[in-house]
Amino acid sequence: MRHTISVLVDNKPGVLARIAGLFSGRGFNIESLSVNETLDPTMSQMTIVTRGDDRVLEQITKQLNKLIDVIKVIDYEKGSENHIERELALIKVAVTEKCRAELLSIIEIFRCKVIDVGRSHYTVEVTGDENKLNAIIELLRPLGIREIVRSGRVTLQRETRVQ
Amino acid sequence: MFFNSLVQTREHQLKLKGAHILLECLKKEKVKAVFGYPGGSVLDIYHALSEHSIKHVLVRHEQAAVHAADGYARATGEVGVCLVTSGPGATNTVTGIATAYMDSIPLVILTGQVPTALIGNDAFQEADIVGITRPCTKHNYLVKNIAELPRIMREAFYIARSGRPGPVLIDLPKDIINQSAEFSYPEQVSIRSYKPTVKGNPRQIQRALDEIMQAAKPVIYAGGGVVLSNASPELQRLARQLSIPVTTTLMGLGCFPGTDPLCLGMLGMHGTFRANMAVTHCDLLIAVGARFDDRVTGDVRAFAPEAKIIHFDIDPTSISKNIKVHIPVVGDCREILKDCLAAIGTKKITRRARAAWLADIAEWKAGHTLDYTQGKAIKPQFVVEKLYELTRGDCIVSTEVGQNQMWAAQYFQFDRPRRWLTSGGLGTMGYGLPAALGAQVAFPKATVVDIAGDGSIQMNIQELATVAQYNLPVKIAILNNRCLGMVRQWQQLFYGKRYSHSTFEQHPDFVKLAEAYGAVGLRATRPDEVEPVIRKALAVKKPVIMDFVVEQEECVYPMVPAGAPISNMMLL
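Residues numbered from 1 in each chain as written. Chains lettered and ligands numbered in written order. Predicted model: local features only at pLDDT ≥ 70, side-chain atom pairs only at ≥ 80, totals over all residues. Heavy atoms only, no water.

Section: the overall build of chain A
Looking only at helices and strands, one finds four helices and nine strands in chain A. Along the chain direction, N to C, the helices and strands of chain A fall in the order β-α-β-β-α-β-β-α-β-β-α-β-β. Within chain A, buried positions represent 42% of all 163 residues. A separation threshold of at least 6 residues defines the contact pool for chain A, and within that pool the share at least 24 residues apart is 74%. For chain A, the accessible surface area stands at approximately 9300 Å², while carbon and sulfur atoms represent 51% of it. Seen as two clouds, the 24 positive and the 23 negative side-chain charges of chain A have centres 3 Å apart. (Helix = DSSP H or I, 4+ residues; strand = E, 2+ residues; numbered from the N terminus. Buried < 20%, exposed > 50% of the residue type's maximum accessible area, 1.4 Å probe, protein only. Contact = heavy atoms within 4.5 Å. Areas by Shrake-Rupley, 256 points an atom, 1.4 Å probe, with all protein chains shown as cover. Lys, Arg positive; Asp, Glu negative; His and termini not counted. Charge placed at Lys NZ, Arg CZ, Asp CG, Glu CD.)

As structure tokens, this is what we get:
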């Protein structure tokens, strides 16, 4: 099962290497990763998407907690409603006279932005959860996608559980 | 000394060079001995060391410096310290560090590094030792500012010895060590992300006790954590008060007296029949400071299949890693056991009340005991038994790795902890001699014996020069079967007797070798020569090699094939 794990760490050189080394050395897998400074510049927040059964996930969170530089670990179990998650993608898509209208309507529907316009390509910025990103990519694919970059996931706890 | 007195009187005003700060930190940590080897990047530290009161032992290989510090740490319970140069000096420590990491031994490893401006430039004798040792240290540091050094040293010693202990490495660039700063040693350590749990959760302890008090067939499975937390007295009290038999892991030997009637001996691959049978048939397994290693459990599905499992351990990652634990208690073993004893109070379970279970165990014991048949050639087990008999068990024993290690574990009875130094987790050949060296530095008057094989001993044989130089009277007993015995045993049992590259066709003359190094060399080739050789070796106040030419084909039994249930024992 896939899990999103949020790891609060000391903002120090080498910490990412420790976390990455723990995953590779113990045979765990990182599917996506994002890291940045928190409000407190001495700490960084990592969001890691990983996969494994309950036993593996228990080990991952325990092993992460064991690292001296790790301050806090939260495992947001996939599918639970008490957290928000977002990813970002930049998609460079071909634009021709024939398909411009379709492209613009997809952009409209998905509430994304065109952030760069060229003679033959538009670059579209889209944020959302994984499903939304996958959906727009599928819709844009027939138009001709030249390049895609996707960020790692970021996650935050909801203030109250939404029923 | 001039500089020492200055430090004591005007500690806060005086600026000190990095090298002196380092040594003052060691003094604050009450380090009595450093095992090391100099080189370009640490010349300034060595320069300062020459006028300092800390004892330095010059080994002959950096790997041995770490094993010696490790042996020192295991024997004393203090943090072992070693000091080496950058590049190859640092990379040579890796096997030693990994050995200590696997066995949770508290060490601080100080490595030189090229000057900060050269880091990353592929400079002469540069190695990214912080990167290399990240997966085999509990934590490591690169010092980038001399002002940070005292804090880093304080943290390193604290991290090494607290929680589940382990090695901590500090990389010291040459230019940093040459800078000056005011020296003040932090009184307190505060690491926001590192707060080991010491006290066990009282509710969990109560749940564990409820099970312990009502179990009919309980077994205690005690590991190295009992030794590390100095919990041996508490463990013994609990076991005796409730008449619970105790089996120990390789790392736990000595934490419960080997001669106690409740002692089942070691369990696992080369464990005793009664220990493995007791674990297989028990209804409650109480794991204390042990980690369910594959050499202990064999096939995990058949390990203690009828038992509820209680696990006391300071490391949450050890719990339910290999085997599902029913009642975990995270904390220091000693603290947990103390709380257990306090809760039990004067309640007792007598041996009579436990009679049925103890009778089962007695039956297994009668069914198969450790044994061998002495023929014309010397049996290696006989040598270990004689060593036990003639030292009356009053010695520190280190081992190399392989058959020698297993026979030492089986045939030497350890009645006290911290008398047994062996590379359990990593299984490092070449560990025994430098570890014995370290223990002998800690206890100059003790008898220290390295039970070795003819293969392993050659992996750090150069340390004979060190023990000779410092007149450390380490006794090396080589069980010389002219082959890599354990490799050969596996080839014999599982690889159709194809002895591929496991036999030595050429050996040095170990007696002459000992003499060449300035030690004493003795040899026994017949069983009747064993005792006189040991007596002579124990009487000499010098390092000795005893070369016991033993039966080549002897195998370690009992044996559980790797991955098989531990009740599936090849007995002989």
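With respect to a negative patch on the surface
A surface patch of negative charge is lined by Asp53(A), Asp54(A), Asp75(A) and Glu77(A). Assignment of secondary structure puts Asp53(A) in the loop between β3 (43–51) and α2 (54–66). (Patch = residues over 30% accessible without salt bridge, like charges linked within 9 Å, V, L, I, M, F, W, Y side chains within 5 Å. Salt bridge = Lys/Arg side-chain N within 4 Å of Asp/Glu carboxyl O.)

Digging into the pairing of strand β9 (residues 218–222) of chain B
Residue and element names in this part refer to chain B. β9 sits mainly inside the fold: five of its five residues count as buried. A two-sided burial pattern is seen for β9, the buried positions comprising Pro-218, Ile-220 and Ala-222 on one face and Val-219 and Tyr-221 on the other. Sheet topology places β9 next to strand β12 (residues 284–288); five bridges connect them, and they run parallel. Each bridged residue has a counterpart across the sheet, and for Pro-218 the counterpart in β12 is Leu-284. Of the pairings in the sheet, the one linking β9 to strand β10 (residues 246–248) comprises three bridges and is parallel in character. In the strand pairing of β10, Tyr-221 is matched with Thr-247. (Pairing = 2+ DSSP bridges.)

Quick word on the sheet that holds strand β16 (residues 420–421) of chain B
Residue and element names in this part refer to chain B. Across the sheet, which stays open at both edges, the six strands sit in the order β16-β15-β17-β18-β20-β19 with parallel pairing between neighbours. This sheet does not close on itself; its edge strands, each paired only once, are β16 and β19 (520–524). Taken together, the six bridges between strand β18 (residues 475–480) and strand β20 (residues 544–549) define a ladder with parallel strand orientation. The residue bridging Ala-477 from the neighbouring strand is Met-546, located in β20. Its contacts with the sheet put helix α19 (residues 432–442) on β15 (396–399), β16, β17 (448–453) and β18, and the angle it makes with β17 is roughly 180 degrees. (Axes fitted to C-alpha atoms, helices over the stretch in contact; angles between N-to-C directions.)

Description of the interface of chain B and chain A
Taken together, the contacts link 18 residues of chain B with 18 residues of chain A. Here chain B meets chain A over a buried area of about 1600 Å², counting both sides, of which 47% is carbon and sulfur. Linking chain B with chain A are two salt bridges. For Asp10(A), the salt bridge goes to Arg192(B), with nearest N and O atoms at 2.6 Å. Counting across the chain B and chain A interface gives eight residue pairs in polar contact (both at pLDDT 80 or more). Taken together, the residues of the side of chain B that touches chain A sort by class into five nonpolar, six polar and seven charged. (Buried area = accessible area lost by both parts, 1.4 Å probe. Polar contact = N/O pair within 3.5 Å; in protein donor to acceptor, adjacent residues only side chain to side chain. Nonpolar A, V, L, I, M, F, W, Y, C, P; charged D, E, K, R; others polar.)

Observations regarding helix α1 (residues 15–25) of chain A
By the burial criterion, the buried members of α1(A) are Val15(A), Arg18(A), Ile19(A), Leu22(A) and Phe23(A). Relative to the axis of α1(A), the buried residues are bounded by an arc of 130 degrees and lie together on one face. Residues of α1(A) that are exposed and point over 90 degrees away from its buried face: Ser24(A) and Gly25(A). Considering only its buried residues, α1(A) is in contact with β1 (2–10), β2 (30–37), β3, α2 and β4 (70–77) of chain A together with β6 (139–142) of chain B. Of the residues trailing α1(A), Gly27(A) is marked for its positive phi of about 75 degrees. (Arc of directions from axis to C-beta.)

Observations concerning the confidence of the model for chain B
Residues and elements named next belong to chain B. For chain B, the average pLDDT comes to 96, and 98% of its residues sit at 70 or higher. With pLDDT under 50 throughout, residues 1–11 is counted as low confidence; its partners more than four residues away or in other chains account for 19 contacts. Quick note on the complex model: pTM equals 0.95, ipTM equals 0.90. (pLDDT = per-residue confidence, 0-100.)

Thoughts on the side chain of Ser193(B)
Turning to its location among the elements, Ser193(B) is positioned in the loop between β8 (180–182) and α10 (202–214). A polar contact of 2.3 Å, which involves the side chain of Ser193(B), links it to the backbone oxygen of Ile68(A).

Some details on helix α8 (residues 149–161) of chain B
Residues and elements named next belong to chain B. For α8, spanning 13 residues, the distance from its first C-alpha to its last is 18 Å, which sits close to the expected 18 Å at 1.5 Å a residue. Taking burial as the measure, the 13 residues of α8 include ten buried ones, the bulk of the element. Considered for burial, the residues of α8 that qualify are Leu-149, Pro-150, Ile-152, Met-153, Arg-154, Glu-155, Ala-156, Phe-157, Ile-159 and Ala-160. Against the buried residues of α8 lie α2 (18–28), β4 (80–84), β5 (107–113), β6 and β7 (167–173). Immediately downstream of α8, the backbone of Gly-163 shows phi near 55 degrees, a positive value. (Expected span 1.5 Å × (residues − 1).)

Details of unusual backbone geometry
Note: most residues except glycine have negative phi, and most peptide bonds are trans. Residue and element names in this part refer to chain B. In this structure, the amide linkage connecting Tyr-557 to the following residue, Pro-558, adopts the cis form with an omega of 0 degrees. By the element assignment, Pro-558 lies in the segment after β20. Positive phi, close to 55 degrees, is recorded for Ser-104, a residue that is not glycine. Looking at the secondary structure, you find Ser-104 in the loop between α6 (94–102) and β5. The buried category is assigned to Ser-104, whose relative accessible area is 5%. The backbone of Asp-122 sits at a positive phi, close to 55 degrees, despite the residue not being glycine. Relative to the elements of secondary structure, Asp-122 occurs in the loop between β5 and α7 (129–133).

What to know about the packing of aromatic side chains
Going through the model one piece at a time under the given rule, you end up with 13 aromatic pairs over all chains. Ring plane angle 80 degrees and centroid distance 6.0 Å describe the contact between Phe23(A) and Phe28(A), whose orientation is recorded as edge-to-face. The same class applies to Phe23(A) as to Phe28(A), namely buried. The rings of Tyr388(B), Phe412(B), Phe414(B) and Trp420(B) are connected pair by pair, giving a single aromatic cluster. (Phe/Tyr/Trp six-rings, centres within 6.5 Å; stacked < 30°, edge-to-face > 60°.)

Things to note about the pattern of salt bridges
Applying the stated criterion across every chain yields a total of 41 salt bridges over all chains. In this structure, Arg334(B) engages Glu234(B) in a salt bridge whose closest nitrogen and oxygen atoms are separated by 3.1 Å. In this pair, Arg334(B) sits in helix α15 (residues 333–344) while Glu234(B) sits in helix α12 (residues 232–241), placing the two residues 100 residues apart along the sequence. A network of salt bridges, in which partner residues are shared, links Arg2(A), Glu31(A), Arg51(A), Glu85(A), Glu87(A), Glu130(A), Arg150(A) and Arg153(A).

Side note on the side chain of Gln440(B)
As for its position among the elements, Gln440(B) is in helix α19. Setting aside chain neighbours within four positions, we find Gln440(B) in contact with Lys445(B), Ala446(B), Val448(B), Leu472(B), Pro473(B) and Val474(B).

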